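# Structural overview
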Amino acid sequence: MSWLFGLNKGQPEVPPGLPVPPPPPPPPAGGSSGGGDKPKDKWSNFDPTGLERAAHAAKELDKSRHAKEALDLSRMQEQTTQMEHQSKMKEYEAAVEQLKGDQIRIHAEERRKTVNEETKQHQARAQFQDKLARQRYEDQLRQQQALNEDNLRKQEESVQKQEAMRKSTINHEMDLRHKNELLRIEAETKARARVERENADLIREQIRLKAAEHRQTVLESIKTAGAVFGEGFRAFVSDWDKVTATVAGLTLLAVGVYSARNATAVAGRYIEARLGKPSLVRETSRFTVAEAIKHPIKTTKRLKSKPQDALEGVVLSPSLEERVRDIAIATRNTRQNNGLYRNILMYGPPGTGKTLFAKKLAVHSGMDYAIMTGGDVAPMGRDGVTAMHKVFDWAGTSRRGLLLFVDEADAFLRKRSTEKISEDLRATLNAFLYRTGEQSSKFMLVLASNQPEQFDWAINDRIDEIVNFALPGPDERERLVRLYFDKYVLEPATGGRQRMKLAQFDYGQKCSEIAKRTGGMSGREISKLGVAWQAAAYSSEDGVLTEAMIDARVDDAVKQHLQKMDWLHGDVVAQTKTLTPPPAGATASGGKMGFTLPLSEAPEAQQVIAPVLEVETKQEGENAPPPSDINDQSAEGKSATAAGQDCEDAAKAAESLAQPAAPTDSDGKMEKEDKTGSSPPKDGTPV
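Now for a look at the structure at hand.

Rules used throughout
- Residues numbered from 1 in each chain as written.
- Predicted model: local features only at pLDDT ≥ 70, side-chain atom pairs only at ≥ 80, totals over all residues.
- Heavy atoms only, no water.
- Helix = DSSP H or I, 4+ residues; strand = E, 2+ residues; numbered from the N terminus.
- Buried < 20%, exposed > 50% of the residue type's maximum accessible area, 1.4 Å probe, protein only.
- Areas by Shrake-Rupley, 256 points an atom, 1.4 Å probe, with all protein chains shown as cover.
- Pairing = 2+ DSSP bridges.
- Axes fitted to C-alpha atoms, helices over the stretch in contact; angles between N-to-C directions.
- Parallel < 35°, antiparallel > 145°, perpendicular 65-115°, else oblique.
- Left-handed = near helix turned anticlockwise from the far one by under 90°.
- Contact = heavy atoms within 4.5 Å.
- Phe/Tyr/Trp six-rings, centres within 6.5 Å; stacked < 30°, edge-to-face > 60°.
- Core = buried A, V, L, I, M, F, W, Y, C linked by side-chain atoms within 4.5 Å.

To continue, consider the overall build of the chain. The number of helices and strands found in the chain is 19 helices and eight strands. Counting over 687 residues, the chain shows a buried share of 25%. Summed over all atoms, the accessible surface of the chain reaches about 47,600 Å², with 56% contributed by carbon and sulfur.

Here it is in structure tokens:
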């Protein structure tokens, strides 16, 4: 509305439809400069024409029909202008605020940089001060160390000087003392010699008188003692009752001493055989008095225990299981009927169940069992014979019968003809052969070995049954895996007493997979695999055994098994490389080449005995001794029986199979390299 009052410099815009106002008249000439003599006031420059035009425009506007719209339009223009001014003011305020924020941010950034720089300066200053402090401390330590070393050196020099002075003083004192002693001894010697020279006559007279008195005293003592003893002996001899009583007393005393000594020895051996345990026996089911007192509950349970199945917990192949079951039944019936027990040899790789079956066989048949190892015999030396006799004496005192299980029997039952064994071990082997020469109703002998081809031939002659415990097959491995999975994993996990849980997966399928992956592993290795699963669960944080943990332990076990097989193969290759080639025409023989064949190449007993028996039948008419000689040898007890002679001949014939063909004479008879081969041993060794 400022244009209404003529305040705008330009012409106001005329609304549409309104008449255009006439232009304002020009100002009068000289109006602004006329009357220059009059004083000017604040209204002197006011132009009243603007008011007139405004009044005229207001009248025109009032008359126009667009007056209201013109006013609204003017108001809207004014509002728009105000809003534009307000928006510009807001923009200016926002710009000011942004500028303030930028200034604050820049100030904060500068402050932060300043603080960082101050921190760096402080750190550098602190490090420098610490470095200076450390240097000062090190300098102080070096100075102190140098001072200490100087003091120590001075002290050592002082001590050395004092020690040198003390030694010199002691040496001087010793020299003076030695000189004084020499002078004193010299003076005493001279004085003693002078006195002895002066008193020589008196000294000889004193010696003569003392000797005469001593001789007289001795003679009188001898005369008195002879008279007393003579009178007593004469009185004793003249009295017949005293002589008889004395002789009877001395006789009874000698008999009593001898009887007491022998009775004590017999009682000791009886008590040791009945109540003690031989030193060679490592484990036994027989309980002693001391064990009964120490473990009464265990002893009571053992007395109340009933016979168990011989194959309970033992996993074998069907054919082997049938065979050992027959042996168990026969052993049980033999004990019940008080018959003669049969000796058994069990051979095969380690960990195939030989020891476990021997224990089960003893429990099933109601017998006691005792386990001894062949490695304990050789270290005993000369005491081995006595210990071996004690074992068999102790076995003979069992009321239930004893199953004597000898583990690693090849350690001391080796061949006497080819193996280099000590005399003590040879004597122990002879004692063993003597005690097992006949079948017994008191004990049953069970031998276990991984190398049965090293046995002496006399040991093979005492074996009635040979059982081969081979490695488990696929079905047996699956049964073993399931058995030990239940024993070491399922039972502890479901019992709730131990910190062990089992994840959810198909247990049966997993056991089948493990059985396929563990080819060539023995039962002991599979049992150790079960223990490894249990240990893996115990070592985990939550105690849960997962399928991945089982697979990891199986992989480790398979790798370890392959490593063991590589070692075994390396040993066999090393042994074969050290062998000398056999002579031309000689047959290959594992027992005569100085090494042990692997188990897979070991010949069966039937394969070894069959050619021996054939050769024996061919040479029976030529090499067999006459019956009279056999009877004489049996009567005198110097050699073995006819069966032992046949075994010796068969052993020599078996040796001849492994040697090159010997030249023959004109009659076609083979010349013997060893003329004493068919004769019994000269040392009286039983066969």
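Having put the structure on the table, let's press on.
Let's shift gears to the pairing of strand 2 (residues 344-347). In strand 2, alternate side chains face the same way, and those of Ile 344 and Met 346 on one face and Leu 345 and Tyr 347 on the other are all buried. Note: strand 2 against strand 5 (residues 443-449), four bridges, orientation parallel. Within strand 5, the position partnered with Leu 345 by the bridge is Leu 447. Relative to strand 6 (residues 465-468), strand 2 is paired through four bridges, and the arrangement is parallel. Paired with Met 346 across the two strands is Val 467, which belongs to strand 6.

Even without a glycine there, the phi angle at Asn 338 is positive, about 55 degrees. In this fold, Asn 338 is placed in the loop between helix 7 (318-336) and strand 2. Phi is positive for Glu 408, which is not a glycine, with a value near 50 degrees. Counting through the fold element by element, Glu 408 comes out in the loop between strand 4 (402-407) and helix 10 (423-435). Classification of Glu 408 as partly exposed rests on a relative accessible area of 33%.

Running from N to C, helix 9 (residues 383-396) and helix 10 point in directions that differ by 20 degrees, and their axes come no closer than 8 Å. With respect to their mutual orientation, helix 9 and helix 10 come out roughly parallel. When the axes of helix 9 and helix 10 are compared, the crossing they make is right-handed. Residues Gly 384, Val 385, Met 388, His 389, Phe 392 and Asp 393 of helix 9 lie in contact with helix 10, whose contacting residues are Ala 427, Thr 428, Ala 431, Phe 432, Tyr 434 and Arg 435.

On inspection of all chains with the given rule, the structure shows eight aromatic pairs. With a centroid separation of 5.8 Å and an interplanar angle of 45 degrees, the aromatic rings of Phe 485 and Tyr 507 are classed as tilted. Residue Phe 485 is located in helix 12 (residues 474-495), and its partner Tyr 507 is located in helix 13 (residues 507-517); the two are separated by 22 residues in the primary sequence. Judged by relative accessible area, which is 1%, Phe 485 ranks as buried. By the ring-pair criterion, three or more aromatic residues cluster together here, those being Phe 392, Phe 412, Phe 432 and Phe 443.

Now for the nonpolar core. In globular proteins that are soluble, nonpolar side chains generally tend to be buried together. Core analysis: the largest hydrophobic core is formed by 30 residues, its most contacted members being Leu 413, Phe 432 and Leu 447. Elements with a contribution of two residues or more to this core: strand 3 (368-373), helix 9, strand 4, helix 10, strand 5 and helix 11 (457-461). Here this core takes six residues from helix 9, the largest share from any one element. Formed by 25 residues, the second largest nonpolar core is a distinct cluster that contains Leu 480, Cys 511, Val 544 and Leu 545.

Attention now moves to the sheet that holds strand 2. The sheet built from six strands is open, its strands ordered 1-3-4-5-2-6 with mixed pairing. Each edge of the sheet is formed by a strand with only one pairing partner; in this case those strands are strand 1 (281-284) and strand 6. Each strand axis lies, on average, 20 degrees off the axis of its neighbour in the sheet, ignoring direction. Packed on one face of the sheet, helix 9 meets strand 1, strand 3, strand 4 and strand 5 and runs near 150 degrees to strand 4.

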